[in-house]
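What follows is the residue order along each chain.
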Amino acid sequence: MDQLLKLVPPGLVVAVLGVLILSQLFYAFLRYRRRAYLPILVMTAAGFGLGQLWDYLGLPSIRMGQVAVVPAVVFALLLQPLARFLPRPQRRPKEPAAPAAPGQPRT
């Protein structure tokens, strides 16, 4: 168990928790017409990724451990309007196939 914990970088844990917490806050407080949680979560994760790229390029940022927090939050917030353009699975149930008439082969 101790060896497994050494393989996971602490910045990854902080980033995952930050994405989950921030996406819940965006979902609760930002108002858009058609909202689903999964696109908001994806855009928040993309914002955190861009924030880490910002830090990797050496641009100024405020960090929490290994995570560049301020650019990640700014990018995640700026990407939220794009969440409505992500494709979502349809929630409508599929109609069952019509039964074949007696004596007719099934297709």
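Here, the structure is the one placed above.
Quantities reported herein were computed from a predicted structural model and do not represent experimental measurements. (Residues numbered from 1 in each chain as written. Predicted model: local features only at pLDDT ≥ 70, side-chain atom pairs only at ≥ 80, totals over all residues. Heavy atoms only, no water.)

1. Observations regarding a nonpolar patch on the surface
- Taken together, Leu4, Leu7, Val8, Leu12, Val13, Val16, Leu17, Leu20, Ile21, Leu25 and Phe29 make up a surface patch of nonpolar side chains, about 1,100 Å² in accessible area.
- Secondary-structure elements contributing two or more residues to the nonpolar patch are helix H1 (2-7) and helix H2 (10-29).
- Per element, the largest residue contribution to the nonpolar patch is 8 residues, and it comes from H2.
- In this fold, Val16 is placed in helix H2. (Patch = residues over 30% accessible without salt bridge, like charges linked within 9 Å, V, L, I, M, F, W, Y side chains within 5 Å. Areas by Shrake-Rupley, 256 points an atom, 1.4 Å probe, with all protein chains shown as cover. Salt bridge = Lys/Arg side-chain N within 4 Å of Asp/Glu carboxyl O. Helix = DSSP H or I, 4+ residues; strand = E, 2+ residues; numbered from the N terminus.)

2. A word on the packing of H2 against helix H3 (residues 37-56)
- Interhelical geometry of H2 versus H3 gives an angle of 135° and a closest axis separation of 9 Å. Taken together, the axes of H2 and H3 are oblique relative to one another. Once H2 is placed against H3, the crossing between them reads as right-handed. Across the interface between the two elements, Ala15, Gly18, Val19, Leu20, Leu22, Ser23, Gln24, Phe26 and Tyr27 of H2 pack against Tyr37, Ile40, Leu41, Thr44, Ala45 and Phe48 of H3.
- Tallied by class, residues from the contact of H2 with H3 come to 11 nonpolar, 4 polar and no charged. (Axes fitted to C-alpha atoms, helices over the stretch in contact; angles between N-to-C directions. Parallel < 35°, antiparallel > 145°, perpendicular 65-115°, else oblique. Left-handed = near helix turned anticlockwise from the far one by under 90°. Contact = heavy atoms within 4.5 Å. Nonpolar A, V, L, I, M, F, W, Y, C, P; charged D, E, K, R; others polar.)

3. Examining H2
- Spanning 20 residues, H2 covers 28 Å between terminal C-alpha atoms, matching the ideal 28 Å at 1.5 Å per step.
- When H2 is considered as a whole, its buried residues turn out to be Gly11, Ala15, Val19, Leu22, Ser23 and Phe26. An end-on view of H2 places all buried positions within 105° of arc, on one side of the element. More than 90 degrees from the buried face of H2, the exposed residues found are Pro10 and Ile21. (Expected span 1.5 Å × (residues − 1). Buried < 20%, exposed > 50% of the residue type's maximum accessible area, 1.4 Å probe, protein only. Arc of directions from axis to C-beta.)

4. Examining the nonpolar core
- Of all hydrophobic cores here, the largest spans 12 residues; its members are Ala15, Val19, Leu22, Phe26, Ile40, Met43, Phe48, Val67, Ala72, Ala76, Leu79 and Ala83.
- Secondary structure elements with two or more residues in this core: H2, H3 and helix H4 (69-79).
- At 4 residues, the largest contribution of residues to this core is made by H2.
- Discounting chain neighbours no more than four positions away, the residues touching Ala15 are Phe48 and Val67. (Core = buried A, V, L, I, M, F, W, Y, C linked by side-chain atoms within 4.5 Å.)

5. Considerations on H3
- Taking 1.5 Å as the rise per residue, H3 with 20 residues should run 28 Å; its terminal C-alpha atoms sit 29 Å apart, in good agreement.
- Those residues of H3 that sit buried are Pro39, Ile40, Met43, Thr44, Gly47, Phe48, Gly51 and Asp55.
- Where the residues of H3 are buried, they touch H2, strand S1 (63-64), strand S2 (67-68) and H4.
- Immediately beyond the C-terminal end of H3, within one or two residues, lies Gly58, with a positive phi of roughly 90°.

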